[in-house]
Amino acid sequence: MADAADLRGTTSARARRWLRRTAALLAAAPMIAGLTQIPAAPAAHAESKATGSRSVNVSITSLTPTAPKKSDTLTVSGTVTNDTKGTVSGARVGLRVGPTMNGRNAIDTAAHRTGYSEGLDGTEIGGKYAKKIGKLSAGASRDFSLSIPVDQLHLGENGVYQLGVSLTGGTSSQPWPQVLGIERTFLPWQSGPSTKKSQLTYLWPLISAVHVTARTDNDEDRTPIFRDDRLAEELAPGGRLQQMVTLGKNLPITWVIDPDLLATVDAMTKKYEVQNPSGNGTRAGSGQTVAKQWLDALQKAVDGKQVVALPFADPDLASLAHRGKNVTGALSHLQGATELASTTVETILGVRPRTDFAWPVDGAVDSSIVDVATSAGAHNVIARSDSLRETGGLSYTPTAARQIGGGNTAVVADARLSTAFTGDMSKAENSTLAIQRFLAQSQMVNLQAPDKQRSIVVAPQRTPTTSQAQAMAAALEGLSGQWTQPLGLGQAAKAKPDPNATQRVPGSRSYPRSLRARELPTDAFNKIQETQKTLDNFEPILTAKYRVVTPFGNAIRREMSTSWRSEARNAAGFRHDVQTYLSGLTKKVRLVPKTDMTLSGRSATVPVTVQNNLVQSVELRLVLRSQQGNRLAVSEPQLVNVEGGHSQSVKFGTTANANGPVWVSAQLYTPDGQPYGREMLFEVNVTEITSTVILVIAGGVLLLVLAGVRIYVQRKRAAAKSGEDSGDGEDAEKAHGQDEDDSEAPRTDRCDPAHALVPEQPSDPAPDTGSQSAGPSGSGEKVDH
């Protein structure tokens, strides 16, 4: 009867006795048939054929009520199909009540058994409760419906009963009545309340794939661009996520939500664009209305319920543990994703979620996964019982909570209950059988140890389909509190652990190969860190950091999403697009290429232009370096602030000490001193005036000055002598004044040629662009939500 024993393929003492009796009956059945039936040989042959193959297919498509009470009428509906090439005559459909199941393994065995066995399948409830079909031609199908008062089923003690629907008839080769096909299901029977009900925690996941790219439209509203518009279909009436909210609203569940889904739907409530399937261009998204309706419905549904928020974008914990931990910095994203989860859920839904739970894929855990999961503050790890297996020989399914050391708790979900609805539930037959099997297993857990109240957790698949969600809801409604009572996940984690339950986390070798093969590769984490490094280098120069850091930070988290496990190619494409787009943005801030230039003279200015094609301002430090500082010295680095969509020319002073070409480099740096972009090299050719030429010019000027002085002295002497000869004071004064006038003009005239010989210094070259040229803005950085 033990869950642990069932999972290992063993049974309790009672189960072993039951199996021995069953084996004896099976061995004796042909002999008994040969002794009691006439003619013996045909009868034995007919039963053998019916047991070995199902010549007529019987399917049960509806069973109500799923867990009946004594006063109810049980109705079973379905279809029978003749898969043979001959006609079945005298066909009749009847209900058979088999023995009670004596363990969880027995339920599994009965569910997988094919054919008919008289000793195991019970006798038919005939008479008016059987349905006559008559002739059933080859390939023909016929619907049936059987209604029987529950008290006519003659159910005894509480338990899980095998219920079969069989078709009896004859064939052309074997015309006597025989069972030609049978379908089995289970009927949980509880005549009175349980002594102690199991506490059942059912996780209700709201998780989807990654839908948002890192890009936005080139507008002020930063309109997000989606990979596709499939999310609108999931949110629309009848869609998967719409059904999850509608069904979950009235169920005793714990909501488990990926905050990225909320952020994505919130972005859809406003204008958004969708990439065309060809990859060229975008079209307007159409999901605004359904997004608003869905968020409104979800806000009402979670009111008063426990909400658990997974780290943002539901990162793949197993991939991080097995492939990402060896990549420097990869694990750091988990902490940020956990912190973002709380603010996202609280902002959009208005409720404070629990963020201390981690949920690895399929609940498969090993020691490295637990270490990674708990490193970001999630001290409760949702595992599954087929991963954290029982080894203590318990005769019952233990409480879900286990202390696994370090103050951490493993919340072990029941594997059978958690995987009950993983198949194709769109077929009524599959859904009906899954619901009955779920109810049967949940009741059997309670019957294992009716005096021990235990906490049972169910963690279904991450993204149930619409039909799967409907089947899950029908099963929960079928419980009706007869042998279970609801419990939140937080309370389940705090439940007192069973001292004999397994607490040892398995090693990494026990991790399923099928799951490991689908993990994100190590190269994915290397690419993620490459993008993170690019973002870290880009961020310091931005003045409106939130426009870039937030969307690209979210995009990096989305690159680690669990949803990529089934889309390896798309995952690689997503990573490539994020890195390519970010790199393109960084290149919008650059140095304008500069041609070689010539400097004449000892000093001049060198202009360098910084171009910013983003829509926000940037701050950088520009450094100009001479490769031969002894020949050409350059002034100190300068801080540069360039407005969005503009260019700015920065002038550097230079001093030449020698002639000839000198290589000069220009390099942008972030404010914190990290190189930004590529270094730009250009050649400066210095044509300085030589010292010999300067001496010749200086000598010529000196000779001119001396010649002028001599002429002046000679004229003064001549004027004085003339004055003495005339003896006329007035004439002498006039003559002296005239001499002064004559002496000034020649000095001026003689100086002009001298000045003409001194070479003029060229003015500073004009800048490449204005200090803030107002050209048209570039596309600018684009962001998402």
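What you are looking at is a predicted structure, and each value in this text was computed from that prediction instead of being measured.

## Structural notes on the overall build of the protein chain
Reasoning step 1: Broken down by element type, the protein chain carries 22 helices and 30 strands.
Reasoning step 2: Across the protein chain, contacts joining residues at least 24 apart in sequence account for 78% of those joining residues at least 6 apart.
Reasoning step 3: For the protein chain, the computed accessible surface area is about 35,400 Å², with 51% contributed by carbon and sulfur atoms.

## Observations concerning the sheet that holds strand 25 (residues 618-626)
Through backbone hydrogen bonds, the strands of a sheet pair up, either in parallel or in antiparallel fashion.
Reasoning step 1: The strand order across the open sheet built from five strands is 23-30-29-25-27, with neighbouring strands paired in mixed fashion. Strands at the two margins of the open sheet, each flanked by one partner only, are strand 23 (597-599) and strand 27 (638-642). Across the sheet, the mean angle separating the axes of adjacent strands is 35 degrees when strand polarity is ignored.

## Topic: the nonpolar core
Reasoning step 1: Core analysis: the largest hydrophobic core is formed by 76 residues, its most contacted members being Phe 538, Phe 552 and Leu 622.
Reasoning step 2: With six residues, the top contributor of residues to this core is helix 20 (residues 568-586).
Reasoning step 3: Setting aside its immediate chain neighbours within four residues, Phe 538 contacts Val 548, Leu 582, Leu 585, Thr 586, Leu 614 and Tyr 676.
Reasoning step 4: Judged by nonpolar contacts, the second largest core, of 57 residues, contains Leu 200, Val 302, Leu 349 and Trp 483.

## Description of the pattern of salt bridges
Close approach of charged atoms allows side chains with opposite charge to pair.
Reasoning step 1: On inspection of all chains with the given rule, the structure shows 21 salt bridges.
Reasoning step 2: In this structure, Asp 228 and Arg 230 form a salt bridge, with 3.2 Å as the shortest nitrogen-oxygen distance.
Reasoning step 3: For Arg 230, a relative accessible area of 40% puts it in the partly exposed group.
Reasoning step 4: For the salt bridge of Asp 266 with Lys 270, the shortest nitrogen-to-oxygen distance reads 3.8 Å.
Reasoning step 5: Classification of Asp 266 by relative accessible area gives partly exposed; the value is 28%.
Reasoning step 6: Each of the salt bridges in this network shares a partner with another, and the network as a whole consists of Asp 316, Arg 323, Glu 519 and Arg 565.

## Section: the side chain of Arg 565
Reasoning step 1: Tracing the backbone through its elements, the reader meets Arg 565 in the loop between helix 19 (546-558) and helix 20.
Reasoning step 2: Arg 565 sits in the buried class, given a relative accessible area of 7%.
Reasoning step 3: Within the local environment of Arg 565, its side chain forms a polar contact with the side chain of Asp 316, the two groups lying 2.6 Å apart.
Reasoning step 4: A polar contact is formed between the side chain of Arg 565 and the side chain of Tyr 511, at a distance of 3.5 Å.
Reasoning step 5: Every residue in contact with Arg 565, bar those within four places of it in the chain, is listed here: Asp 316, Ala 318, Ser 319, Val 361, Tyr 511, Leu 515, Arg 518 and Glu 519.

## As for the side chain of Gln 482
Reasoning step 1: Within the element layout of this structure, Gln 482 appears in the loop between helix 15 (466-479) and strand 21 (484-486).
Reasoning step 2: Within the local environment of Gln 482, its side chain forms a polar contact with the backbone oxygen of Ala 67, the two atoms lying 3.3 Å apart.
Reasoning step 3: Leaving out residues up to four positions away in the same chain, Gln 482 has contacts with Ala 67, Lys 69, Gln 190, Ser 194 and Lys 197.

## Examining the environment of Thr 419
Reasoning step 1: Looking at where Thr 419 falls in the secondary structure, it is placed in the loop between helix 13 (415-418) and helix 14 (428-448).
Reasoning step 2: Separated by 41 residues in sequence, Thr 419 and Pro 460 have C-alpha atoms that sit 6.1 Å apart.

## Examining the environment of Ser 137
Reasoning step 1: In this structure, Ser 137 sits in the loop between strand 5 (131-136) and strand 6 (141-149).
Reasoning step 2: For Ser 137, a relative accessible area of 40% translates into the label partly exposed.
Reasoning step 3: Separated by 56 residues in the primary sequence, Ser 137 and Thr 81 have C-alpha atoms spaced 9.1 Å apart.
Reasoning step 4: With residues up to four places along the chain from it excluded, the contact list for Ser 137 reads Asn 82, Gly 86 and Thr 87.

## What to know about the packing of helix 19 against helix 20
Reasoning step 1: Viewed as axis vectors pointing N to C, helix 19 and helix 20 meet at an angle of 160 degrees, and their least axial separation amounts to 10 Å. With respect to their mutual orientation, helix 19 and helix 20 come out roughly antiparallel. Remark: the crossing between helix 19 and helix 20 carries left-handed chirality. Here helix 19 contributes Val 548, Phe 552, Ala 555 and Arg 558 to the contact with helix 20, which in turn contributes Phe 574, Val 578, Tyr 581, Leu 582 and Leu 585.
Reasoning step 2: Per-class residue counts for the contact of helix 19 with helix 20 are eight nonpolar, no polar and one charged.

## What to know about the sheet that holds strand 11 (residues 224-226)
Reasoning step 1: The four strands lie next to each other as 10-11-13-14, forming an open sheet whose pairing is mixed. With one partner strand each, in any of the chains shown, strand 10 (212-216) and strand 14 (282-284) form the two edges of the open sheet. Here the strands of the sheet are splayed against their neighbours by 40 degrees on average, with no regard to which way each runs.
Reasoning step 2: In the sheet, strand 13 (residues 273-275) pairs with strand 14 via three bridges, with the strands oriented antiparallel. In the sheet register, Val 274 faces strand 14, and the bridge partner there is Arg 283.

## Points about helix 19
Reasoning step 1: Compared with an ideal rise of 1.5 Å per residue, which puts 13 residues at 18 Å, helix 19 spans 18 Å between its outermost C-alpha atoms and is within 8% of the ideal.
Reasoning step 2: Those residues of helix 19 that sit buried are Arg 547, Val 548, Pro 551, Phe 552, Gly 553, Asn 554, Ala 555, Ile 556, Arg 557 and Arg 558.
Reasoning step 3: Looking at the buried side of helix 19, the elements it contacts are strand 10, helix 8 (259-268), helix 11 (332-349), helix 18 (522-538) and helix 20.

## Quick notes on the confidence of the model for the protein chain
Reasoning step 1: Predicted confidence across the protein chain gives a mean pLDDT of 85, with 83% of residues reaching 70 or more.
Reasoning step 2: Note on residues 1-53: pLDDT under 50 across the span, and 67 contacts to partners over four residues away in sequence or across chains.
Reasoning step 3: Note on residues 724-785: pLDDT under 50 across the span, and 106 contacts to partners over four residues away in sequence or across chains.

## Side note on the pairing of strand 29 (residues 660-669)
Reasoning step 1: The element strand 29 is extensively covered by neighbouring structure, given that eight of its ten residues are classed as buried.
Reasoning step 2: In this structure, strand 25 lies alongside strand 29, joined through six bridges in antiparallel fashion. Bridge assignment links Leu 622 to a residue of strand 29, and that residue is Leu 668.
Reasoning step 3: Pairing between strand 29 and strand 30 (residues 675-686): nine bridges, direction antiparallel. Looking at the pairing, Tyr 669 lines up with Pro 675 of strand 30.
Reasoning step 4: Between strand 29 and strand 30, which follow one another and run antiparallel, lie five residues, and Gly 673 among them has a positive phi close to 95 degrees.

## Observations concerning the packing of aromatic side chains
Reasoning step 1: Summed over all chains, the structure comprises seven aromatic pairs.
Reasoning step 2: A centroid spacing of 6.4 Å and a plane angle of 20 degrees characterise the contact between Phe 538 and Tyr 676, whose relative ring orientation is stacked. One end of the pair, Phe 538, is in helix 18; the other, Tyr 676, is in strand 30, with 138 residues separating them in the sequence. With respect to burial, Phe 538 and Tyr 676 carry one shared label: buried.
Reasoning step 3: An aromatic cluster is defined as three or more aromatic residues linked by ring pairs; in this entry it consists of Tyr 202, Trp 204, Phe 421 and Phe 438.
Reasoning step 4: The ring centre of Trp 359 lies 4.5 Å from the NZ or CZ of Arg 462, which sits over that ring.
Reasoning step 5: One Lys or Arg, Lys 594, reaches over the ring of Phe 682 and ends 5.9 Å from the middle of that ring.

## Side note on the environment of Leu 295
Reasoning step 1: With respect to the element layout, Leu 295 can be found in helix 9 (residues 288-301).
Reasoning step 2: Distance from Leu 295 to Val 265, taken between C-alpha atoms, is 7.5 Å for residues 30 residues apart in sequence.
Reasoning step 3: Sequence-distant contacts of Leu 295, that is, excluding residues within four places in its chain, are made with Leu 262, Val 265, Asp 266, Thr 269 and Ile 348.

Definitions and limits used
- Residues numbered from 1 in each chain as written.
- Predicted model: local features only at pLDDT ≥ 70, side-chain atom pairs only at ≥ 80, totals over all residues.
- Heavy atoms only, no water.
- Helix = DSSP H or I, 4+ residues; strand = E, 2+ residues; numbered from the N terminus.
- Contact = heavy atoms within 4.5 Å.
- Areas by Shrake-Rupley, 256 points an atom, 1.4 Å probe, with all protein chains shown as cover.
- Pairing = 2+ DSSP bridges.
- Axes fitted to C-alpha atoms, helices over the stretch in contact; angles between N-to-C directions.
- Core = buried A, V, L, I, M, F, W, Y, C linked by side-chain atoms within 4.5 Å.
- Buried < 20%, exposed > 50% of the residue type's maximum accessible area, 1.4 Å probe, protein only.
- Salt bridge = Lys/Arg side-chain N within 4 Å of Asp/Glu carboxyl O.
- Polar contact = N/O pair within 3.5 Å; in protein donor to acceptor, adjacent residues only side chain to side chain.
- Parallel < 35°, antiparallel > 145°, perpendicular 65-115°, else oblique.
- Left-handed = near helix turned anticlockwise from the far one by under 90°.
- Nonpolar A, V, L, I, M, F, W, Y, C, P; charged D, E, K, R; others polar.
- Expected span 1.5 Å × (residues − 1).
- pLDDT = per-residue confidence, 0-100.
- Phe/Tyr/Trp six-rings, centres within 6.5 Å; stacked < 30°, edge-to-face > 60°.
- Lys NZ or Arg CZ within 6 Å of the ring centre and 35° of its normal.

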